[in-house]
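The chain contents come next:
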Amino acid sequence: MKACIDIGGTKVAVSLAAHEPRWRRSEPTAREGDDGALARQVIRLVDEACAEAGVDPRAVREAGVSSCGPFVIEDGLIALAAPNICGGLAGPGRGLPNDWTRAPLEAPLRARFAALRVENDGVAALEAERRWGALRGLDHCAYVTWSTGVGMGLCVDGRILRGKNGNAGHGGHMFVSDDATGALCGCGNYGDVEALVAGSAIGRRAAASGHGWKDARGLFEAAEAGDAEATAVVDEACRVLGRALYNTVALLDLQAISLGGSVFWHHRDFLLPRLQAQVADHLPPLTAGVRLLPAGLGERVGDFAALALVV
């Protein structure tokens, strides 16, 4: 039995798998206390899943960890410097209840598991989508999550890109605007993709708009119901993310992009044609035939992402 661990800016989900993830446990990501709180939460959830499955926790010695990033390397091991978890990166302006600049991850988990693989969640989801999902058989492709944050996994010539610290694909932190008004990302940047269109950023602006949209979901539901002002806001978000997708296609000459994450997935029928148009409207020699696809693994992409790391 293997532990499948999915760490996001909003929630942590843990499941056990022999052939596919089961006995799933999920709760909001730990953000309070000292910077070891997240790793302790992960280990506790694994133990709780083992109790539900009737498995001795000592028998679960292998784990795959699909985690939001960026990562930093400390003594050769991965720690998280994730903007949606570590409040010390952008400071009090982001409103996170801690002053962490990083959270230890690989070191405490290696003390628990004999075999461990930690990857950026975009990379892990890309591996899962290429193995079981919408990107099977493709050698030039990407996975993009539109959720609490915005992240990517990138594959060119059949090779998944990782980079010096495993951070390749952090397209959410590409600068796209000089307008810093209200666009503070958790990383400390003003005006990057994530600051403008991540679910957390959209939710904050929606709640403050005075239009009665309590959060991002309320905004998207209003747009889907035909509200003109809400639709204009969503169209602008699709323009920003669509340009990031186009830039990625132009840079890497891709065949397809698989899209997941809670913001996209819950409104995919509304958002997909808008995003596809943003890609297709530019430079046909690069974009003709490029497909944007809903994640083949749907809402379970995070669970299977972690499993893909230990198959």
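The notes below deal with the structure included here.

About the cut-offs
- Residues numbered from 1 in each chain as written.
- Predicted model: local features only at pLDDT ≥ 70, side-chain atom pairs only at ≥ 80, totals over all residues.
- Heavy atoms only, no water.
- Helix = DSSP H or I, 4+ residues; strand = E, 2+ residues; numbered from the N terminus.
- Buried < 20%, exposed > 50% of the residue type's maximum accessible area, 1.4 Å probe, protein only.
- Polar contact = N/O pair within 3.5 Å; in protein donor to acceptor, adjacent residues only side chain to side chain.
- Contact = heavy atoms within 4.5 Å.
- Phe/Tyr/Trp six-rings, centres within 6.5 Å; stacked < 30°, edge-to-face > 60°.
- Lys NZ or Arg CZ within 6 Å of the ring centre and 35° of its normal.
- Pairing = 2+ DSSP bridges.
- Axes fitted to C-alpha atoms, helices over the stretch in contact; angles between N-to-C directions.
- Salt bridge = Lys/Arg side-chain N within 4 Å of Asp/Glu carboxyl O.
- Patch = residues over 30% accessible without salt bridge, like charges linked within 9 Å, V, L, I, M, F, W, Y side chains within 5 Å.
- Areas by Shrake-Rupley, 256 points an atom, 1.4 Å probe, with all protein chains shown as cover.
- Lys, Arg positive; Asp, Glu negative; His and termini not counted.
- Charge placed at Lys NZ, Arg CZ, Asp CG, Glu CD.

Across the junction of G69 and P70, the peptide omega takes the value 5°, indicating a cis bond. As for its position among the elements, P70 is in the loop between β4 (62-67) and β5 (71-74). Unusually for a residue other than glycine, W23 sits at a positive phi of about 55°. Within the element layout of this structure, W23 appears in strand β3 (residues 21-28).

Before going further, it helps to spend a moment on the side chain of S147. Note that S147 resides in the loop between β9 (141-146) and β10 (150-156). For S147, a relative accessible area of 18% corresponds to the buried category. Reaching out from S147, the side chain makes a polar contact with the side chain of S262 at a distance of 3.1 Å. Residues in contact with S147, not counting those within four places in the same chain, are A198, G199, S200, G261, S262 and V263.

Scanning the model with the defined rule gives two aromatic pairs in all. An angle of 65° between the planes, with centres 5.5 Å apart, marks the rings of W132 and F304 as edge-to-face. Highlighted residues: W132 in helix α3 (residues 121-132) and F304 in helix α11 (residues 301-308), separated in sequence by 172 residues. Given the relative accessible area of 28%, W132 is considered partly exposed. Ring geometry for W146 versus F220: centroids 6.2 Å apart, planes at 85°, classification edge-to-face. A residue pair is termed long-range when its members are at least 10 positions apart, and W146 in strand β9 and F220 in helix α6 (residues 216-224) qualify at 74 residues. F220 matches W146 in its accessibility class, with the two residues each being buried. Above the face of the W132 ring, R131 is positioned so that its terminal group lies 5.5 Å from the ring centre.

A separate point is the sheet that holds strand β1 (residues 2-7). A sheet is described by the order of its strands in space; here five strands give the open sequence β3-β2-β1-β4-β8, paired in mixed fashion. Strands at the two margins of the open sheet, each flanked by one partner only, are β3 and β8 (115-120). Strand after strand, the sheet turns through a mean of 15° between neighbouring axes, direction not considered. As defined by bridge partners, β1 adjoins β4 across six bridges and the pair is classed as parallel. Bridged to D6 within β4 is S66.

With that settled, the discussion passes to the sheet that holds strand β11 (residues 159-160). The five strands are arranged β11-β10-β9-β12-β13 in an open sheet whose pairing can be described as mixed. The strands lining the two open edges of the sheet, one partner per strand, are β11 and β13 (291-294). In terms of strand pairing, β10 meets β11 through two bridges, oriented antiparallel. Bridge pairing links C155 to I160 in β11.

Moving on: the pattern of salt bridges. Should the charged atoms of two oppositely charged side chains come close, the side chains can pair. One pass over the structure, following the stated rule, counts 19 salt bridges. The shortest N-O distance in the salt bridge between D6 and K11 comes to 3.9 Å. Its relative accessible area of 12% is what places D6 among the buried residues. Residue class for K11 comes out partly exposed when judged on its relative accessible area of 35%. For R300, the salt bridge goes to E20, with nearest N and O atoms at 3.5 Å. Here the residue R300 occupies a position in the loop between β13 and α11, and E20 occupies one in the loop between β2 (11-17) and β3, the gap between them amounting to 280 residues. Salt bridges linked by common partners bring R25, E27, R44, E48 and E52 together as one network.

Moving on, we come to a negative patch on the surface. A contiguous patch of negative charge, built from D215, E221, E224 and D269, is present on the exposed surface. Along the chain, E224 turns up in helix α6.

Moving on to α11. Since the α-helix advances by 3.6 residues per turn, residues separated by three or four positions end up pointing in the same direction. Counting buried residues in α11 gives eight out of eight residues, a clear majority hidden from the surface. Burial in α11 covers these residues: V301, G302, D303, F304, A305, A306, L307 and A308.

Our next topic: the environment of H173. By secondary structure assignment, the location of H173 is in the loop between β11 and α4 (193-197). For the pair formed by H173 and H267, sequence separation is 94 residues and the distance between their alpha carbons is 23 Å. Those residues within four positions of H173 in sequence are excluded, and the remaining contacts are P83, C185, C187, N189, D192 and E194.

Turning next to helix α5 (residues 199-207). Buried within α5 we find G199, A201, I202, G203 and A206. The inward-facing, buried residues of α5 abut β9, α4, α6, α7 (228-252) and α8 (262-265).

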